[in-house]
Amino acid sequence: MKSITVIGMILLAVSALLFYLTTDFTVERITISHVMGVMAGIGIGLIVGGMVGYVSKGTAMKAEAKRKEFKQLQKEKEELEKQTVEMEKQKAELESRKFNNPY
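Residues numbered from 1 in each chain as written. Predicted model: local features only at pLDDT ≥ 70, side-chain atom pairs only at ≥ 80, totals over all residues. Heavy atoms only, no water.

## A look at the layout of surface pockets
At step 1: Computed from the structure, the largest pocket encloses a volume of approximately 780 Å³.
At step 2: In terms of lining residues, the largest pocket is bounded by 20 residues, among which L11, L12, S15, G41 and I42 are the most central.
At step 3: Put simply, the parts of the chain that give the lining of the largest pocket at least two residues each are α1 (2-22) and α2 (32-100).
At step 4: At ten residues, the largest contribution of residues to the lining of the largest pocket is made by α2.
At step 5: Considering only residue class, the lining of the largest pocket consists of twelve nonpolar, eight polar and no charged. (1 Å grid on protein atoms, 1.4 Å probe; cavity = no way out; pocket = protein on both sides within 12 Å on 5 of 7 lines; lining within 4 Å. Points joined across faces, edges and corners; volume = space filled by probe spheres on them. Helix = DSSP H or I, 4+ residues; strand = E, 2+ residues; numbered from the N terminus. Nonpolar A, V, L, I, M, F, W, Y, C, P; charged D, E, K, R; others polar.)

## Brief notes about a nonpolar patch on the surface
At step 1: A contiguous nonpolar patch, built from I30, I32, V35, M36 and M39 and spanning about 510 Å² of accessible area, is present on the exposed surface.
At step 2: Summarising the element assignment, I32 is placed in helix α2. (Patch = residues over 30% accessible without salt bridge, like charges linked within 9 Å, V, L, I, M, F, W, Y side chains within 5 Å. Areas by Shrake-Rupley, 256 points an atom, 1.4 Å probe, with all protein chains shown as cover. Salt bridge = Lys/Arg side-chain N within 4 Å of Asp/Glu carboxyl O.)

Take it as geometry only, folks, not as evidence of what the structure does.
Below, the structure written as structure tokens:
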């Protein structure tokens, strides 16, 4: 978001400079074409901002999904390790019963 704000400020400064250089910067000299230019600039800014926001939100959602999947896999891994330890205990218990009671 910071980079988008900086780019917006740079473009605004460039447009203000171009406006200043092309007119003598008096209110009486501002025409309907200037207003249309400002509105077109705002429209382009909104379109570009919307596209950048959509892309960054999609990227953030994908990253969040990966984090959730990784956490789920970690939980499953811990559960499997617990089951493995439990099965080894049961196996050791059965073997100890076999050795203590051979019949």
